[in-house]
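If you want the building blocks of each chain, they are given just below.
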Amino acid sequence: AQSVTQLGSHVSVSEGALVLLRCNYSSSVPPYLFWYVQYPNQGLQLLLKYTSAATLVKGINGFEAEFKKSETSFHLTKPSAHMSDAAEYFCAVSGRRYNTDKLIFGTGTRLQVFP
Amino acid sequence: DTAVSQTPKYLVTQMGNDKSIKCEQNLGHDTMYWYKQDSKKFLKIMFSYNNKELIINETVPNRFSPKSPDKAHLNLHINSLELGDSAVYFCASSPQDRGYEQYFGPGTRLTVT
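Residues numbered from 1 in each chain as written. Chains lettered and ligands numbered in written order. Predicted model: local features only at pLDDT ≥ 70, side-chain atom pairs only at ≥ 80, totals over all residues. Heavy atoms only, no water.

(A) Up close: the overall build of chain B. Within chain B, the regular secondary structure consists of 0 helices and 11 strands. Over its C-alpha atoms chain B spans a radius of gyration of 13 Å, differing by no more than 12% from the 13 Å that the globule rule assigns to 113 residues. Principal-axis analysis of the C-alpha atoms places the extent of chain B at approximately 40 × 25 × 25 Å. Buried positions account for 45% of the 113 residues belonging to chain B. Partitioning the intrachain contacts of chain B with sequence separation of at least 6 by distance along the chain shows that 54% fall at a separation of at least 24. Carbon and sulfur atoms form 49% of the exposed surface of chain B, whose accessible area is close to 5,600 Å². (Helix = DSSP H or I, 4+ residues; strand = E, 2+ residues; numbered from the N terminus. Rg over C-alpha atoms; globule rule 2.2 N^0.38 Å. Buried < 20%, exposed > 50% of the residue type's maximum accessible area, 1.4 Å probe, protein only. Contact = heavy atoms within 4.5 Å. Areas by Shrake-Rupley, 256 points an atom, 1.4 Å probe, with all protein chains shown as cover.)

Pasting the structure below:
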């Protein structure tokens, strides 16, 4: 079985501060891992994905994430927060040896950015 | 030129009614999905179709029936709507190959009164 745990349902940072959103996964097969962002009243947009090519993954809008197998983690970071980063962030996992790519999502982390 | 589109964007209806949500993708993808996002923002897959064939049915009540007339369309029909069906429903699509990200539609906010 696969699962994702996002630590912290709410994270608040000041503009210009480091953003760190935590994600831990559980998977019995090598995972594919994703971070999606959801702005208010919108659909989900892919930020970045890990598919085993490189452990440090760079995404859009200055975000990156590092896959750490030993820690079963895939934390999302951004060096300097911008007001426009305020949104809901979802970590998701899918299994590489299963027949389908259904995404299993974490419960989400709401990022607030203060001026 | 929206990649994944859904109609309607908002749907307000009464308990017991039957309603449909439509989804279309112009990305040429083989696989399409329906996800449900509840009031606490939790996202869970409901169905997936690959080339019009049902692949995943995640213990969704029989009142929900997906239909895929062709691989670019995946509609969701809901019978006898209940209060608990109120949620945002997202359609998504992806290529058949493993490891590709899923592209999500803008969502349909269903409110059952």
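(B) Seen up close, the sheet that holds strand β1 (residues 4-7) of chain B. All names here are of chain B. Strand order in the open sheet formed by 4 strands is β1-β3-β8-β7, and the pairing between neighbours is antiparallel. A strand with exactly one partner marks an edge of an open sheet, and here the two such strands are β1 and β7 (64-70). The average angle at which neighbouring strand axes cross in this sheet is 20 degrees, direction not considered. For β7 and strand β8 (residues 73-78), the ladder comprises 5 bridges, and the chain directions are antiparallel. Paired with Ser-65 across the strands is His-77, a residue of β8. (Pairing = 2+ DSSP bridges. Axes fitted to C-alpha atoms, helices over the stretch in contact; angles between N-to-C directions.)

(C) Molecular detail of the interface of chain B and chain A. Counting from both sides, the interface comprises 23 residues of chain B and, opposite them, 25 residues of chain A. With both chains or domains summed, chain B and chain A bury close to 1,900 Å², and 51% of this area falls on carbon and sulfur atoms. Taken together, the connections running from chain B to chain A amount to 2 salt bridges. Taking the shortest distance from any N to any O, the salt bridge between Lys-102 of chain A and Glu-58 of chain B comes out at 2.8 Å. If you list the elements that add at least two residues to the side of chain B that touches chain A, you get β4 (31-37), β5 (43-50) and β6 (53-57) of chain B. (Buried area = accessible area lost by both parts, 1.4 Å probe. Salt bridge = Lys/Arg side-chain N within 4 Å of Asp/Glu carboxyl O.)

(D) Region of the structure containing the environment of Met-83 of chain A. All names here are of chain A. In this structure, Met-83 sits in the loop between β8 (73-78) and β9 (87-95). By relative accessible area, which is 35% here, Met-83 ends up partly exposed. Taking C-alpha positions, Met-83 is 9.7 Å from Val-13, a pair spaced 70 residues apart along the chain. In contact with Met-83, not counting residues within four places along its chain, are Glu-15, Val-113, Phe-114 and Pro-115.

(E) Here's a closer look at the pattern of salt bridges. All names here are of chain B. Taken as a whole, this structure holds 8 salt bridges over all chains when the rule is applied. The closest approach of N and O atoms between Glu-82 and Arg-63, which form a salt bridge, is 3.4 Å. Here Glu-82 is found in the loop between β8 and β9 (87-94), whereas its partner Arg-63 is found in the loop between β6 and β7, with 19 residues between them in sequence. Note on Glu-82: relative accessible area 40%, which makes it partly exposed. In this structure, a network of salt bridges that share partners links the residues Arg-63, Glu-82 and Asp-85.

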